[in-house]
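Each chain, written out:
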Amino acid sequence: MNHTDLRSDFLSTFADYDGHERIRRFEDAETGLIAFIGVHNRNIGPALGGCRMYPYASEEDAIRDVLRLSRGMTYKNALAGLPLGGGKSVIIGDPFKMKNDKLMAAMGRAVESLNGDYITAEDSGTNEHDMVVMSAETKYVVGLPTKAGEQGGDPSPVTALGVFSGLKAGVQRRYGSDAMTGLKVTVQGLGAVGYDLCRRLNEENAELFVTDVRQELLDRIRAEMPDVRLVQPGEIFGIEANVFAPCALGAQLNKETIPKMNIDIIAGAANNQMATPEDEDRVADKKILYVPDYVLNAGGVISVCYEYLNRNGKNPYGFDLTRDGMLAHVGRIGQTIEKIFALSEAEGITPGRAADRMARSIFMDDAKTRTA
Ligand code: NAD
């Protein structure tokens, strides 16, 4: 397999370049693998982030994505209080047509070549089986199936727990109480995270309005939670409610949808909810409280981080590495969000910008103190 580290003068032509430590390109003639691994920043630990497989139209598109996603992981891991930096990998190709075990094994060797600077996990286009295949070639992989008593497994329920904790922090901030009874919540997307979130909201007597494009998920929720109201996908943005929880796709908060919104709080699992940075101002202008997505949805990465620390016998921050310790860590997402709201108010900036500022102070300033 050939690999090349892309030069910083070339990378600096991309808007998302942010002094990344390394973007390495891999090409394997035998399996057809073309992939990039991005390491944004390792000031507070090895770079962890998922491996995405997607039919990018060009190598430039793949580089753009790996730059953007690896930087995002640095912010997310720092604010989640994890001893991890930010990284991500992307494989060019349609996972339904091109993916096979030989290709994923080659990707495992690519990860191994970074000697632990980058730790990989599942992302869109890859799954638990792919992680098992990669684990034969590298020990720097998480999201593996678990045996009894081990930590790991599907992180989605843990993500839902963190989203619920952050949503409650938003409700507390807006209404002075986090009681959910009678609160109207709209949920877009009833997949692995959205469905579990609905279950928690339903248990606390929130009034739910939900949508999905998959009929079987609507049938399932109707059967399990008969009081839930089903809404057409296009109508979810116009419902008058207290909270909107986007749990489907990115870029759902944009110049078409925001003007339709009649809600007080946005708190959901989806990544990159704002289509553009200006959309955060549009939301703030409407006096909607935005709970930053990457802080709220960190439960999954907290779960895989504990898996990694347990497996490797490393614990630089002295965490309680039991499952209960991990769940307590996820439960503290709400406290982080309260600090973000306080900074946002004190500085007169949006919660998203306050979160970015807090994250930077962790992976830049705190990291300097720690190594001084
Ligand atoms: P999922 O694929 O299981 O569920 C997404 C659901 O959204 C699907 O049921 C899909 O049919 C539905 N959907 C798609 N387009 C829609 C539309 N236009 N209107 C209504 N519904 C639509 O994904 P998930 O694992 O539940 O993740 C949900 C979101 O949270 C994603 O954006 C994901 O990137 C993010 N996220 C997930 C995790 C995790 O641990 N699973 C962690 C962090 C972030």
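Structure first, text after, so check above.
In this text the structure is predicted, and so the values were computed from the model without any measurement.

### Considerations on the site of the ligand
Near the ligand lie 20 residues; those nearest to it are Thr159, Ala192, Val193, Asp212 and Ala248. In this structure, Ala192 approaches the ligand through a main-chain N or O atom, which is 3.0 Å from an oxygen atom. Here an oxygen atom of the ligand and a backbone polar atom of Ala248 are 3.0 Å apart. Computed on the free molecule, the ligand has an accessible area of 830 Å², of which 73% lies beneath the protein chains in the complex. Going through the elements one at a time, helix H6 (156-175) and helix H7 (192-203) are the ones with two or more residues in the shell around the ligand.

### A closer look at the side chain of His20
Following the sequence through the fold, His20 ends up in the loop between helix H1 (8-11) and strand S2 (22-28). His20 gets classed as buried once you look at its relative accessible area, which sits at 5%. There is a polar contact of 3.3 Å between the side chain of His20 and the side chain of Ser70. Not counting the four nearest positions on each side in its chain, His20 is found in contact with Val39, His40, Leu67, Ser70 and Arg71.

### Focus on the pairing of strand S8 (residues 184-188)
S8 sits mainly inside the fold: 4 of its 5 residues count as buried. Two elements, S8 and strand S9 (residues 207-211), share 5 bridges in a ladder whose sense is parallel. Paired with Gln188 across the strands is Thr211, a residue of S9. In this structure, S8 lies alongside strand S11 (residues 243-246), joined through 4 bridges in parallel fashion. Paired with Val187 across the bridge in S11 is Ala245.

### What about the nonpolar core?
Generally speaking, nonpolar side chains in soluble globular proteins are found buried as a group. Grouped together as the largest cluster of nonpolar side chains are 96 residues, with contacts concentrated most on Leu79, Ile91, Met107, Val187, Leu190, Leu201 and Ile302. When residues in this core are grouped by element, the largest group, 8 residues, is from H6. Taken domain by domain, the makeup of this core includes at least three residues from each of domain 1 (2-72 + 83-135) and domain 2 (156-296 + 334-362). Contacts of Ile91, omitting those with residues within four sequence positions, involve Leu33, Ile34, Ala35, Cys51, Arg52, Met53, Tyr54, Tyr56, Leu103, Met104 and Met107. Listed in part, the 16 residues of the second largest apolar core include Met261, Ile263, Ile266 and Ile288.

### Thoughts on the environment of Tyr294
Note that Tyr294 resides in helix H10 (residues 293-296). Under the relative-accessibility criterion, Tyr294 is labelled buried at 14%. Counting along the chain gives 188 residues from Tyr294 to Ala106, while the straight-line C-alpha distance between them is 30 Å. The contact partners of Tyr294, leaving out residues within four places of it in the chain, are Tyr75, Lys76, Leu79, Ala355, Asp356 and Ala359. Within polar-contact distance, the side chain of Tyr294 engages the side chain of Asp356 at 2.7 Å.

Calculation criteria
- Along each chain, residues carry numbers from 1 onward, in the same order as the chain's sequence is written.
- Under the rules for a predicted model, residues below a pLDDT of 70 receive no local features and side-chain atom pairs below 80 are neither given nor counted, while totals for whole chains, interfaces and linings still include all residues.
- Excluding hydrogens and water, the side-chain figures rest on all heavy atoms present in the structure.
- Think of it this way: one heavy atom of a residue within 4 Å of a molecule or strand is enough to make that residue near it.
- N or O atoms within 3.5 Å of each other form a polar contact, as long as, within protein, one can give a hydrogen and the other can take it, and as long as residues adjacent in sequence are counted only when both atoms are side-chain atoms.
- A 1.4 Å probe and the Shrake-Rupley method give the accessible areas. Residues count as covered only by the protein chains that appear here.
- Runs of E in the DSSP output that reach at least two residues are strands. Runs of H or I that reach at least four are helices, and both are numbered from the N terminus.
- For the exposure calls, accessible area comes from a 1.4 Å probe over protein chains only, and a residue counts as buried if that area is under 20% of its type's maximum, exposed if over 50%, partly exposed in between.
- Pairs of residues are marked as contacts when any of their non-hydrogen atoms sit within 4.5 Å.
- For two strands to pair, DSSP has to find at least two bridges joining them.
- Put simply, buried Ala, Val, Leu, Ile, Met, Phe, Trp, Tyr and Cys residues joined by side-chain atoms within 4.5 Å make one nonpolar core.
- Domain boundaries shown here were taken from an automatic or database domain assignment.

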